[in-house]
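# Remarks on the overall topology
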Amino acid sequence: MASVCKRGVDQVEKRLLDMFFFVATLAVFLSPCCAQPPNFVFVLTDDQDTEIGGQTPIKKIRNLIGNEGITFQNMFVSSPLCCPSRSSIMTGKYVHNHHAANNSLSGGCSSHSWQKEQEPRAFAVHLQEAGYTTMFAGKYLNQYGTKAAGGVAHVPPGWDEWIGLVGNSKYYDYQLSINGKVEKHGSNYKKDYFTNYINRKAEKFLAAQSPGGKPFFMMLSTPACHAPFTPADPYNNSFPDQQAPRTGSFNVKPKNKHWLIQQTIVPLPNNTVTYIDKTFRNRWRTLLSVDDMVENVYNILKQKGMLDNTFIFFSSDNGYHLGQFGLPYDKRQLYEFDVRVPLMVRGPGIEPGQVTQQNAMNIDLGPTFIALAGRQVPSYMDGKSLIPVLTTAPHNNKTAPTFRSEFLVEHYGEHGFIITGCPQYRGQGLFNCDPNCVCEDSWNNTYTCVRSDRPPHVYKYCAMKDDVNFVEVYELTGDHYELENLVSKADPSLLASLKDDLKRLEACSGASCNTPLGR
C-alpha cells in the first residue's frame, strides 16, 4: 500500500512540476509581446523533401524564417503520405489514434467518422475557443469536399474563414469550398494559379487584421510541390540544366530490403531518368511561387506592425523520392527521404540564426500552437509543445535536454488494382505503378517503425505487416542512406529492445507516447 501511495504522490508532484514548467516557460517566452496574444501564420507545402534538395529553391523562406528564427534539421512525419500526415498535424495524434490510415475514403481520409470524432478536437477548435480569428486556405485532406465525404457544404469546426480545395493537389481546374459554397476555377494563370490564389486570399485576410485587434491564426496550405508539378508561368524555364541529386541511395538496389524495393529496375531505364530530372526541375519551379507568397505575407505583417508579434511556421506533410533505391517517384516508404520534412519557425522570443538537431514531429505542431496561445495542451494529443526547443537560445545541442528520443512512423499500404501484365506480381494488389511495372505501394506495404536515439547511435527498426513479417534495421549515424539492413547481424538484445519499444509506441496514446522508453 505504501508503494502505491508513493507512486500516487510522485505522479501528483510530476503533474504540478509540469504545470509550473509550462506556465513559467510560456511567461518567459512570450514576454516580448506580453501585452497581446501572439498571431500565427502556418505555411504547409505538399511533398516537400529535405533529403533531395527540396529546400534549395526557397531562398526567401530560408532567409526570412530560418535565418531569422530556428531551423530544425530533424523534423519527421508520423506517416509518409499526405492524408495521414495532415490528419496528424490537425489532431496532434499518431495515425493509429486518428484512424486516417491512407488517402482513400475507406482508409479514413476525411471520412464521416473522422469528421465526427477527430475534427471537433483538432487544434483549430482550441484556438478559436481561445479567442483567435482563424482562416484556412488550400489543400486540407485528399478526400475533402468529395460527394462521399459530405461535399463542399462541410466546413470543419474551428475555422472562421474556410477556403478548402476539393480533393487532391491541383494548380488549375479545381473546385473550392468557400465557407461551404462551391467555387470553380479554370486555367487562366492570372486568376486561377492556385498558389497565387492562396496568396491573394492571405492578403485579403491580413488586410482585415490590426495590431490591436483579435489575435489570428492563418494556415496557407499550398499544392506545391505535389504532382502534377505545374509551375507558375514566370518560372516555366527556371533551373534549365538542373538534375535530380544522385544521392547515395540513387539508382542502387541493396539486398535485404522488402519486396517492393527488390522489384525495382536498376540501373534505371533512360526514360525513367529523363522523367525524374524533368519532375525534379518542375518541383523546384512550383516552390518559387511559395517563396514569393511567404515574402509577401512577411512584408504585409511588417508594414502593418504585426511581424514582431507573429509566429511564422513553415513545414511540409511528407518527403519524396526520385530514383532512390530504383523507385521512380513517390513517397510512402519507410526511409529518411520520405519521412523527413522541413521545419522553420520565427517569432517573438525566438533568437535568430538557430539550428537544432532535436527531433520534432508533425504531431507536435498542434500542441505547440495551443501552448503558444496560452492554453493547456489537451491530454488526448500524442504530440507535445515545442516551446522548450524554441526557447533554448542560443541553441546548444550538448547541454539542452533531449526533447524526443524515440518516435513512431506508420504506413498502411494502399492498393487500387490488380496487375496482370507484370508476371512478378502474381495478382498482387498494387498502387501507383509506372510503365515499366515498378510499383510504389501495395496492400502489404504496411509497416511500423521506431526511430530511437541511443547515443552515440541512432537506430531505426521497421516491422512489415506482410506474409513474411520482414524486418529492416538501420544504424543511421554511420549509414544515413540506409544501405545495410542489420537485422541478421545486430546484437539480439538490441533487436529485442527495439522491438519492445516499437510495440509500446504502436499502442501508445496521449502522455504515454512521450514517456521515455525503458532500456
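For the structure itself, look to the data block above.
Now for a description of the structure that goes with this document.

Here is what the cut-offs are and how they apply
- Residues numbered from 1 in each chain as written.
- Predicted model: local features only at pLDDT ≥ 70, side-chain atom pairs only at ≥ 80, totals over all residues.
- Heavy atoms only, no water.
- Core = buried A, V, L, I, M, F, W, Y, C linked by side-chain atoms within 4.5 Å.
- Buried < 20%, exposed > 50% of the residue type's maximum accessible area, 1.4 Å probe, protein only.
- Helix = DSSP H or I, 4+ residues; strand = E, 2+ residues; numbered from the N terminus.
- Contact = heavy atoms within 4.5 Å.
- Phe/Tyr/Trp six-rings, centres within 6.5 Å; stacked < 30°, edge-to-face > 60°.
- Lys NZ or Arg CZ within 6 Å of the ring centre and 35° of its normal.
- 1 Å grid on protein atoms, 1.4 Å probe; cavity = no way out; pocket = protein on both sides within 12 Å on 5 of 7 lines; lining within 4 Å.
- Points joined across faces, edges and corners; volume = space filled by probe spheres on them.
- Nonpolar A, V, L, I, M, F, W, Y, C, P; charged D, E, K, R; others polar.
- Disulfide = S-S within 2.5 Å.
- Pairing = 2+ DSSP bridges.
- Axes fitted to C-alpha atoms, helices over the stretch in contact; angles between N-to-C directions.
- Polar contact = N/O pair within 3.5 Å; in protein donor to acceptor, adjacent residues only side chain to side chain.
- Expected span 1.5 Å × (residues − 1).
- Arc of directions from axis to C-beta.
- Salt bridge = Lys/Arg side-chain N within 4 Å of Asp/Glu carboxyl O.

The subject of this paragraph is the nonpolar core. What tends to happen in soluble globular proteins is that the nonpolar side chains get buried as a cluster. Counting 82 residues, the largest nonpolar core has Phe72, Phe123, Phe217 and Phe313 as its most contacted members. Per-element accounting of this core gives the leading share, 6 residues, to strand S16 (residues 457-464). If we ignore the near neighbours within four places in the chain, the residues touching Phe123 are Ile89, Met90, Trp159, Phe217, Met219, Gly366, Phe369, Ile370 and Met381. Membership of the second largest hydrophobic core comes to 40 residues, among which are Val41, Tyr197, Leu206 and Ala232.

Under the defined criterion, the tally for this structure stands at 34 aromatic pairs. Sitting over the face of the ring of Phe325, Lys257 holds its NZ or CZ atom 4.4 Å from the ring centroid. For Lys384, the ring lying beneath its charged end belongs to Phe403, and the centroid distance is 4.5 Å.

Before going further, it helps to spend a moment on empty space enclosed by the protein. Scanning all chains against the criterion turns up 6 cavities of 30 Å³ or more. Put simply, the largest cavity is a space of about 60 Å³. As for the largest cavity, its lining consists of Glu51, Ile52, Thr247, Ser249, Gln324, Glu336, Phe337, His480, Tyr481 and Glu482. For the lining of the largest cavity, the residue count by class is 3 nonpolar, 4 polar and 3 charged.

Here the focus is the state of the cysteines. Summed over the entire model, instances satisfying the criterion amount to 4 disulfides. Sulfur-sulfur distance for the disulfide between Cys433 and Cys439 comes to 1.9 Å. The S-S bond linking Cys433 to Cys439 shows a torsion near 110°; that makes this disulfide right-handed. Judged by relative accessible area, which is 23%, Cys433 ranks as partly exposed. Of the residues examined, Cys439 reaches a relative accessible area of 0% and is grouped as buried. In this model Cys508 forms its disulfide with Cys513; the gap between the sulfur atoms is 2.1 Å. The sign of the 95° torsion about the S-S bond sets the Cys508-Cys513 disulfide as right-handed. Residue classification places Cys508 among the buried positions, given a relative accessible area of 3%. The exposure class assigned to Cys513 is buried, which follows from its relative accessible area of 3%. The structure places no disulfide on Cys82, whose sulfur is separated from the nearest cysteine sulfur, that of Cys83, by 8.3 Å. Residue Cys82 is classed as buried on the basis of its relative accessible area of 1%.

Bringing the sheet that holds S16 into the picture now. Within the open sheet, the 4 strands sit side by side as S11-S15-S16-S17. Their pairing is antiparallel. Two strands close off the open sheet at either side, each with one partner strand: strand S11 (406-411) and strand S17 (471-475). Neighbour to neighbour, the strand axes of the sheet diverge by 15° on average, direction disregarded. Of the pairings in the sheet, the one linking S11 to strand S15 (residues 447-454) comprises 6 bridges and is antiparallel in character.

Let us now look at the side chain of Ser385. Following the sequence through the fold, Ser385 ends up in the loop between helix H12 (365-372) and helix H13 (387-390). Classification of Ser385 as buried rests on a relative accessible area of 15%. For Ser385, the side chain forms a polar contact with the main-chain nitrogen of Ile387, separated by 3.1 Å. Those residues in contact with Ser385, other than ones at most four positions away along the chain, are Pro367, Thr368, Ala371 and Phe403.

Once that is clear, we can look at helix H14 (residues 492-506). Over its 15 residues, H14 runs 21 Å from end to end, which matches the ideal 21 Å to within 8%, given 1.5 Å per residue. Listed in full, the buried residues belonging to H14 are Leu494, Leu495, Ser497, Leu498, Asp501, Leu502 and Leu505. For H14, the angular spread of the buried residues around the axis is 165°, confining them to a single face. Facing away from the buried side of H14 by more than 90 degrees, the exposed set consists of Pro492 and Lys503. Here the buried face of H14 lies against helix H4 (95-98), S11, S15, S16 and S17.

Overall, mixed pairing links the 10 strands, which are arranged S6-S5-S4-S3-S7-S1-S8-S9-S2-S10 in an open sheet. At either margin of the open sheet sits one strand with a lone partner, and together these are strand S6 (181-184) and strand S10 (354-361). Looking at each pair of strands side by side, their axes are set apart by 20° on average, direction ignored. When strand S3 (residues 133-138) meets strand S4 (residues 161-165), the two strands line up parallel, connected through 4 bridges. Of the residues in S4, the one forming a bridge with Gly138 is Gly164. Each of S3, S4, strand S5 (175-178), S6 and strand S7 (216-221) touches helix H8 (residues 194-207); the most contacted strand, S7, lies at about 170° to it. Along the sheet, helix H10 (residues 270-303) makes contact with strand S1 (39-45), S7, strand S8 (310-316) and strand S9 (343-346), crossing S1 at roughly 175°.

With that settled, consider the pattern of salt bridges. In a structure, side chains of opposite charge can pair up when their charged atoms sit close to one another. Under the defined criterion, the tally for this structure stands at 26 salt bridges. Among the ionic contacts, a cluster of salt bridges with common partners joins Glu51, Glu336, Arg340, Arg451, Asp453, Lys460 and Glu482.

On to the layout of surface pockets, then. Here the second largest pocket is characterised by a volume of approximately 750 Å³. If you go around the second largest pocket, you meet 32 residues; those closest to its centre are Asn74, Gln357, Gln358, Asn359 and Asp453. When contributions to the lining of the second largest pocket are tallied by element, the ones reaching two or more residues are strand S2 (70-76), S10, S15 and S16. Broken down by class, the residue content of the lining of the second largest pocket amounts to 10 nonpolar, 15 polar and 7 charged.

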